[in-house]
Amino acid sequence: MSDVVKYNEAVTGENKPVIDFLFQEFLQALPTATYKVWHGAPVWFLDDIPIVGYEDHKLGVKVLFWSGKDFSEPGLLGIGKHRAAGITYTDVTSINVDDLRRYLRLSAEIIWDYRSLRPKK
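Just so it is clear, the structure is predicted and the values come from calculations on it, not from any experiment. (Residues numbered from 1 in each chain as written. Predicted model: local features only at pLDDT ≥ 70, side-chain atom pairs only at ≥ 80, totals over all residues. Heavy atoms only, no water.)

*Asks:* Describe the overall build of the chain, listing the residues and the values that go with them.
*Replies:* Helix and strand content of the chain: three helices and six strands. Across the chain, helices and strands are ordered from the amino to the carboxyl terminus as α-α-β-β-β-β-β-β-α. Taking as baseline every contact in the chain between residues at least 6 positions apart, the subset at least 24 positions apart corresponds to 51%. Of the roughly 7200 Å² of accessible surface on the chain, a fraction of 53% belongs to carbon and sulfur atoms. Considering the chain, the positive charge centre built from 15 side chains and the negative charge centre built from 16 side chains are found 10 Å apart. (Helix = DSSP H or I, 4+ residues; strand = E, 2+ residues; numbered from the N terminus. Contact = heavy atoms within 4.5 Å. Areas by Shrake-Rupley, 256 points an atom, 1.4 Å probe, with all protein chains shown as cover. Lys, Arg positive; Asp, Glu negative; His and termini not counted. Charge placed at Lys NZ, Arg CZ, Asp CG, Glu CD.)

Shown next as C-alpha cells:
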C-alpha cells in the first residue's frame, strides 16, 4: 500500500469524500506522474518536479499547484513568493470538475522547475 493511500485512509470526517474524489481525479488526469507523501501531504511529480498536491485541513482540503500563478486562472489564489497557487474545497459539491481537470492539465503543461532555485548568499 502506498503512503498516499495510507494518508487518504487516515482522513476522517467531512474531508474524506473530497480526498477520495481528488485522488481519483489526480490519478486519471496525471497517469505518468509519480506520487508520494512529501512534507506531510500527497504530492504528484513529473520528472521529480512537484506539480500538484493536496492536504487535509480543518477548513477543507487545500490543493496546491506549484506553477499555478502561471495558469492565469481566476479561481486559484497565489500562495507564497514563488509561482504556487491553490484552492480549498470544503465538500465534493464545491468542486467545479471542469475547472479542476483544466488545472490538472495545466499543472502537467506549465512546470516551473523548483530544482533550479538556489539560496542567495
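*Asks:* How would you summarise the pattern of salt bridges if you had to cite specific residues and measurements?
*Replies:* What the rule picks out here adds up to six salt bridges. Taking the shortest distance from any N to any O, the salt bridge between D70 and R83 comes out at 2.8 Å. On the criterion of sequence distance, the pair formed by D70 in the loop between β4 (60-65) and β5 (77-78) and R83 in the loop between β5 and β6 (85-89) is long-range, its members being 13 residues apart. For R83, a relative accessible area of 26% translates into the label partly exposed. R102 is paired through a salt bridge with E73; the nearest N and O atoms lie 2.9 Å apart. With R102 in helix α3 (residues 97-109) and E73 in the loop between β4 and β5, this pair connects stretches of sequence that are 29 residues apart. Overall, E73 belongs to the buried group, its relative accessible area being 15%. A single salt-bridge network, built from bridges that share partners, covers E73, D99 and R102. (Salt bridge = Lys/Arg side-chain N within 4 Å of Asp/Glu carboxyl O. Buried < 20%, exposed > 50% of the residue type's maximum accessible area, 1.4 Å probe, protein only.)

*Asks:* Give a description of helix α1 (residues 3-10) that names residues and reports values.
*Replies:* All of the buried residues along α1 are V4, Y7 and N8. Each buried residue of α1 lies within a common arc of 95° when the element is viewed along its axis, so the set occupies one face. Considering only its buried residues, α1 is in contact with α2 (16-29), β1 (34-38), β2 (41-46) and β3 (49-57). (Arc of directions from axis to C-beta.)

*Asks:* Lay out the packing of aromatic side chains with the relevant residues and their values.
*Replies:* Under the criterion given, the structure shown has 10 aromatic pairs. Between W38 and W66, the ring centres sit 6.1 Å apart and the planes meet at 45°, which makes this aromatic pair tilted. Placement of the pair is W38 in strand β1 and W66 in the loop between β4 and β5, with a sequence separation of 28 residues. On the accessibility criterion, W38 (29% relative accessible area) is partly exposed. According to the relative accessible area criterion, W66 is buried, its value standing at 13%. Centre to centre, the rings of F65 and F71 are 5.8 Å apart; their planes meet at 65°, and the pair counts as edge-to-face. Residues F65 and F71 agree in their burial class; the two are buried. (Phe/Tyr/Trp six-rings, centres within 6.5 Å; stacked < 30°, edge-to-face > 60°.)

*Asks:* Lay out the pairing of β3 with the relevant residues and their values.
*Replies:* Where β2 and β3 come together, four bridges link them in antiparallel fashion. Looking at β3, one finds that L46 is bridged to I49. Remark: two residues form the turn of the hairpin made by β2 and β3, two consecutive strands paired antiparallel; D47 in that turn has positive phi of roughly 50°. Direction of pairing for β3 relative to β4: antiparallel, over a ladder of six bridges. Bridging across to β4, H57 finds its partner in G60. Joining the antiparallel neighbours β3 and β4 is a turn of two residues. (Pairing = 2+ DSSP bridges.)

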